[in-house]
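If you want the building blocks of each chain, they are given just below.
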Amino acid sequence: MARSRRTDSDVSQAGQAPARIPVGISACLTGQAVRHDGGHKHSRYCTEVLSRWFALRPLCPEAGAGLGTPRAAIRLEQSGASQSGGSAEAHLSEPARLPVRLIAPRDRSDHTNALHHWIDGQDDLLAGLRGFILTAKSPSCGMARIRVYNPAGQVLRRDASGLFAHALMTRYPLMPVEEAARLNDAGLRENFIERVFVYDDWCQLSARGISRAGLLAFHTRHKLQLLAHCQQGYRELGRLLSDLRVEDIHVLAAEYIARVMHVMAQPASRGAHVNVMQHMLGYFRGRLDAGLREEVQAQIQAYQREEVPLVVPLTLLRLMQRRAPDAWLAGQHYLAPYPDALGLRNQL
Ligand code: SF4
């Protein structure tokens, strides 16, 4: 089932929810008792809210690598160059670029290669995902700020990614990745979910086969979203697609989507949303009574003053669009980038 655009009305008209988007998740976030202490880190937001639209695919790298539950705690360790040679698979931690390994300090067992071996075996599954939600602070799943120790147990730094998270982000650099704990922040939550929907749209386009027309149509329907995230990036993307007579459209498409996902990862500021909504309001000049336009303008300004959430002026703009439809605006995913029932714009 196609899922290029998803709104609550889609659900009600069809009588059932459309196909859910496949998103990976650290298994302990789904309530599976796979942590080293036999516990879990259940995220009800993920399993009770996001699961309505995302088909969650739980994975536990440590269990997958054969570490039992319960098991000895493990940590990232950075050893000296003399101890690092030999393994081409060693995880490199920025910025020092020295090998980091996954060690159980209790018995000094090294689980690095077992974890990488398991990750290699997950490639087919991972390639089909449109996003991944990770557990924070884990030496395997943590996205950032993971401690790296020396063999004596001293913290050398706190800026690494977990072994699995690092491999995931390196192998699938377009895939939106976020930690469950950070989804408590309204801005980060909205940004992650919006990116999953955009990336899913791209994957659907890729599955149909990249064409010049398909590329232009994708860019057109995401224009206002891109503008909201970064005006300069939006302009650069337009320039990139200004001449499609290139020999290999796939090379251009690869550069294009890499830049799109980079732009989308930048937070959309309040001022940028105001700019986009003013731009949209311009489409109704002379086509709807001035009183309604003034009311929408007033609500955009109220949003700018942080008196009302983003959903207020946007609901009015959607009302205007229903009363005096504009074909170009109708195609803009900015108006409904994800289901309303997620309530994301009520908190922005
Ligand atoms: S954080 Fe990752 S490795 Fe640790 S229990 Fe959860 S899913 Fe497994």
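For the structure itself, look to the data block above.
Because the structure is predicted, anything quoted here is derived from the model rather than measured.

**Let's talk about the overall build of the chain**
And then number 1: The number of helices and strands found in the chain is 16 helices and 10 strands.
And then number 2: Pairs at least 24 apart in sequence give 66% of the contacts found in the chain among residues at least 6 apart.

**Quick notes on helix H14 (residues 290-304)**
And then number 1: With 15 residues, H14 extends 21 Å between its outermost C-alpha atoms, agreeing within 8% with the 21 Å of an ideal straight helix rising 1.5 Å per residue.
And then number 2: Within H14 the residues assigned to the buried category are Val296, Ile300 and Tyr303. Taken end-on, H14 shows its buried residues confined to a sector of 60°, consistent with a single buried face. Residues of H14 that are exposed and angled more than 90 degrees away from the buried face: Ala290, Gly291 and Glu294.
And then number 3: In the core, the buried residues of H14 are packed alongside helix H13 (270-282) and helix H15 (311-323).

**Regarding the sheet that holds strand E10 (residues 177-179)**
And then number 1: Spatial strand order, E2-E1-E7-E10: four strands in an open sheet with parallel pairing. Single-partner strands in this sheet number two, and they are strand E2 (54-59) and E10. Recorded for the sheet is a direction-independent mean angle of 25° between the axes of neighbouring strands.
And then number 2: Judged from the six bridges that link them, strand E1 (residues 21-26) and E2 form a sheet pairing that is parallel. Following the sheet pairing, isoleucine 21 is matched in E2 by phenylalanine 54.

**A word on the pairing of strand E9 (residues 155-160)**
And then number 1: Sheet topology places strand E8 (residues 146-149) next to E9; three bridges connect them, and they run antiparallel. Within E9, the residue paired with valine 148 across the bridge is arginine 157.
And then number 2: Counting the residues in the hairpin turn of E8 and E9 gives five residues, including glycine 153, whose phi is positive at 95°.

**Some thoughts on the site of the ligand**
And then number 1: The local shell around the ligand holds 13 residues, among which Ser26, Cys28, Cys60, Ser138 and Cys141 are the closest.
And then number 2: A per-element tally of the shell around the ligand places helix H3 (residues 61-64) first, with three residues.

**Structural notes on the pairing of E8**
And then number 1: What you see with E8 is a clean split: Ile146 and Val148 sit on the buried side and Arg147 and Tyr149 on the side with no burial.
And then number 2: Pairing between strand E3 (residues 75-78) and E8: two bridges, direction parallel. Among the inter-strand pairings, glutamate 77 is bridged to a residue of E8, identified as tyrosine 149.

**Quick notes on the nonpolar core**
And then number 1: In this structure, Val23, Phe132, Ile133 and Phe164 are the most contacted members of the largest nonpolar core, which totals 76 residues.
And then number 2: Excluding anything up to four places from it in sequence, valine 23 contacts Phe54, Ala55, Leu56, Arg57, Leu129, Arg130, Gly131, Phe132, Ile133 and Val196.

**Considering the packing of helix H11 (residues 231-240) against helix H12 (residues 249-265)**
Axes are the key here: two packed helices are described by the angle between their axes and the distance separating the axes.
And then number 1: Their axes nearest at 10 Å, the elements H11 and H12 cross at an angle of 170°. With respect to each other, H11 and H12 are oriented roughly antiparallel. Across from Gly233, Tyr234, Glu236, Leu237 and Leu240 in H11, the residues of H12 making contact are Glu255, Tyr256, Arg259, Val260 and Val263.
And then number 2: In terms of residue class, the contact of H11 with H12 is built from six nonpolar, one polar and three charged.

**Topic: the packing of helix H5 (residues 112-121) against helix H7 (residues 163-171)**
And then number 1: Contact geometry for H5 and H7: axes closest at 10 Å, N-to-C directions at 40°. Judged on the interaxial angle alone, H7 and H5 are oblique. When the axes of H5 and H7 are compared, the crossing they make is right-handed. Residues Thr112, Leu115 and Ile119 of H5 lie in contact with H7, whose contacting residues are Leu163, Phe164 and Ala167.
And then number 2: Considering only residue class, the contact of H5 with H7 consists of five nonpolar, one polar and no charged.

Cut-offs and rules
- Residues numbered from 1 in each chain as written.
- Predicted model: local features only at pLDDT ≥ 70, side-chain atom pairs only at ≥ 80, totals over all residues.
- Helix = DSSP H or I, 4+ residues; strand = E, 2+ residues; numbered from the N terminus.
- Contact = placed C-beta atoms within 7 Å.
- Expected span 1.5 Å × (residues − 1).
- Buried ≥ 20, exposed ≤ 12 C-beta atoms within 10 Å, placed from the backbone.
- Arc of directions from axis to C-beta.
- Pairing = 2+ DSSP bridges.
- Axes fitted to C-alpha atoms, helices over the stretch in contact; angles between N-to-C directions.
- Near = placed C-beta within 6 Å.
- Core = buried A, V, L, I, M, F, W, Y, C linked by C-beta atoms within 7 Å.
- Parallel < 35°, antiparallel > 145°, perpendicular 65-115°, else oblique.
- Nonpolar A, V, L, I, M, F, W, Y, C, P; charged D, E, K, R; others polar.
- Left-handed = near helix turned anticlockwise from the far one by under 90°.

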